[in-house]
Amino acid sequence: MNRTFHSLKFYNYRIWFFTALVANTGTWMQRVAQDWLVLAILTDDNGFAVGVVTALQFLPLLFFTPLAGVLADRYDKRKIMYVTQGGMGLLAVGLGVLVLTGVATVGHVYLFAFALGTISAIDTPPRQVFVSELVPKKDLPNAVGLNSASFNGARLIGPGIAGLLIAIVGPGWVFIINGVSFLATIGGLIAMRPAEFHPSERPADPSKHQIREALAYVRHRTDIVVVMTVAGVVSCLGLNFQLTSATMAREVFDKSAGEYGVLGSIMAIGSLAGALMAARRSSSRVRLVVIAAFAFGVVAGINALMPTYEWYAVSVIATGFATLTMLTAANTAIQTSVDPAIRGRVMALYQVVLMGSTPIGAPIVGWISENIHPRWGIGVGSISALLVSFGAYLWVRKHWNVTVEYRRKGRPHLVIIGPAEQATIEQRQAARLMEEGAQEQAALIEGRVAVPPRSMTPPEPEDLGRASAEKSRCEADCA
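Nothing here was measured: the structure is a model prediction, and the numbers come from that model.

Undergrad: I'd like a rundown of the packing of aromatic side chains, residues and numbers included.
TA: Two aromatic rings are characterised by how far apart their centres lie and by the angle between their planes. With the rule as written, the count across this model stands at eight aromatic pairs. Pairing Trp-16 with Phe-130 gives two aromatic rings, centres 5.4 Å apart and planes at 70 degrees, and the pair type is edge-to-face. Residue Trp-16 is located in helix 1 (residues 11-42), and its partner Phe-130 is located in helix 5 (residues 106-130); the two are separated by 114 residues in the primary sequence. Centre to centre, the rings of Phe-17 and Phe-18 are 5.0 Å apart; their planes meet at 85 degrees, and the pair counts as edge-to-face.

Listed below in structure tokens is the structure:
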């Protein structure tokens, strides 16, 4: 099977991939319908109200996600998702009924957004970590990338369908359809084969301070701190696409719900491409997160300056690609480098930083879009991404002794040597020295040669040349 889709050979993951595609399509449909309901039906183009809805939906992540991470490390993730997926489906149907009966108000949407966010906060850590139990550890980067591909494949379909349905039958039926789509996930969980799971290690002796343990673990992992900081800042002020696309489509380009929905689908083209490229990588590092965040800042700035709807639509493809490259690289870098016994809690903290910053950023971006200009709603995200990525580069260069070299001969031309590369070089040199020492010891034992202690033997010129050549080859390979 093609390396990009390698994880689909596992039955349980294959079930998860396709049922998640159905459920995610419904989720994207609801996001578009919810924002359009508030912006164009329940208010008079009030971008701030849309920002409040978004903030309320993500606010519970700050309070409940760490607890959900503890649950994900201690209990059966599949059983947790039976409850959370069912609850989100019922909330979607409930809001749809209110809209169809004509009694829905902005207050109702606020209430349902907060309730949906609460259940989503409990659902997110076990759902993300559950992927690691569907495939062997060596295939986890591929599975994470395909998970993003499923999510963004749904994003490619969902907004366009939602825009079409809103124009034909109104947003109420979109909520109903989303509620029904959760049955696909629940059915998929039931259909899985328990014997083919790859269960994560659980804490041997759960303590009362598991969240504190996770915080201490992250505090001593500066690589995770850098990833969380970069992704959190970009998410806070830059990843408010439903809000910024709605205000740009309606207020700047004077478009309807259909054109607004199409923007989400077009952005998903770039997102899907980024996710599929991520599925081909065997690993992800901090450098990719920082580079992708900088790229997002550049393309978002271009996006904000587009003069027409058509050019704006084309530019969001690059925005989607940069966004998914950053998010998938961050997710993979954390999941594959964290101790399985604490993975759920660390991913929960990551979600608090990534999504919990939205209640802060969404109202700010909404206020800027309404009171200054929608283009500046995008621009503030662009500026923040450029600043945090450049700041992260300066920090890691100082504290991790990172060097960047350009080599005219050989590939790659641009070589970045950080802690991982330096450690690999040292390990290879140590292994070579140990091998040579073992050979000398064996020769001494057999009585073939008499070699003085290594500490008294000066290095030969050819040994130094060989070590230098070995280091150069390793740097090129690792970069």
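Undergrad: Describe the packing of helix 5 against helix 14 (residues 343-356), with residues and values.
TA: Each packed pair of helices is defined by two parameters, the angle between the axes and the distance between the axes. Put simply, helix 5 and helix 14 touch, their axes get as near as 9 Å, and they point 125 degrees apart. Classified by the angle their axes make, helix 5 and helix 14 are oblique. At the point where helix 5 passes helix 14, the crossing takes the right-handed sense. Of helix 14, the residues touching helix 5 (which contributes Thr-124, Pro-125, Gln-128 and Val-129) are Arg-343, Gly-344, Met-347, Ala-348 and Gln-351.

Undergrad: Outline the side chain of Gln-351, listing residues and values.
TA: Secondary-structure assignment places Gln-351 in helix 14. Within the structure, the side chain of Gln-351 is placed 3.0 Å from the side chain of Gln-128, a separation counted as a polar contact. Leave out the neighbours within four places in its chain, and Gln-351 touches Thr-65, Thr-124, Gln-128 and Gly-356.

Undergrad: A description of unusual backbone geometry should follow, citing residues and the corresponding values.
TA: The residue Asp-254 is not glycine, and still its phi comes out positive at about 55 degrees. Along the chain, Asp-254 falls in the loop between helix 10 (241-252) and helix 11 (257-280).

Undergrad: An account of the nonpolar core is requested, with residue identities and associated values reported.
TA: Side chains of nonpolar character tend, in soluble globular proteins, to be buried together. In terms of nonpolar packing, the biggest core is built from 82 residues, with Val-230, Val-234, Phe-296, Tyr-312, Ile-334, Val-346 and Tyr-350 touching the most fellow members. Dropping the residues within four chain positions of it, Phe-296 is found in contact with Val-234, Gly-238, Leu-239, Phe-241, Thr-319, Ala-322, Thr-323, Gly-381 and Ala-385.

Undergrad: Summarise helix 10; cite the residues concerned and give the values.
TA: Of all 12 residues in helix 10, nine are buried; the element is thus mostly enclosed. Within helix 10 the residues assigned to the buried category are Phe-241, Gln-242, Leu-243, Thr-244, Ser-245, Ala-246, Thr-247, Met-248 and Ala-249. Positive phi shows up at Asp-254, right after helix 10, with a value of about 55 degrees.

Undergrad: With reference to specific residues and values, describe a nonpolar patch on the surface.
TA: A contiguous nonpolar surface patch, about 650 Å² in accessible area, is contributed by Phe-48, Trp-367, Ile-372, Trp-376, Ile-383 and Leu-387. Take the nonpolar patch: its biggest share by element is three residues, from helix 16 (residues 374-399). By the element assignment, Ile-383 lies in helix 16. On the accessibility criterion, Ile-383 (42% relative accessible area) is partly exposed.

Undergrad: Outline the pattern of salt bridges, listing residues and values.
TA: The final tally for this structure, using the stated rule, is six salt bridges. A salt bridge links Arg-345 to Glu-213; the shortest N-O distance between them is 3.3 Å. One end of the pair, Arg-345, is in helix 14; the other, Glu-213, is in helix 8 (residues 210-219), with 132 residues separating them in the sequence. We note a salt bridge from Asp-223 to Arg-221, for which the minimum N-O separation is 2.8 Å.

Analysis parameters
Residues numbered from 1 in each chain as written. Predicted model: local features only at pLDDT ≥ 70, side-chain atom pairs only at ≥ 80, totals over all residues. Heavy atoms only, no water. Phe/Tyr/Trp six-rings, centres within 6.5 Å; stacked < 30°, edge-to-face > 60°. Helix = DSSP H or I, 4+ residues; strand = E, 2+ residues; numbered from the N terminus. Axes fitted to C-alpha atoms, helices over the stretch in contact; angles between N-to-C directions. Parallel < 35°, antiparallel > 145°, perpendicular 65-115°, else oblique. Left-handed = near helix turned anticlockwise from the far one by under 90°. Contact = heavy atoms within 4.5 Å. Polar contact = N/O pair within 3.5 Å; in protein donor to acceptor, adjacent residues only side chain to side chain. Core = buried A, V, L, I, M, F, W, Y, C linked by side-chain atoms within 4.5 Å. Buried < 20%, exposed > 50% of the residue type's maximum accessible area, 1.4 Å probe, protein only. Patch = residues over 30% accessible without salt bridge, like charges linked within 9 Å, V, L, I, M, F, W, Y side chains within 5 Å. Areas by Shrake-Rupley, 256 points an atom, 1.4 Å probe, with all protein chains shown as cover. Salt bridge = Lys/Arg side-chain N within 4 Å of Asp/Glu carboxyl O.

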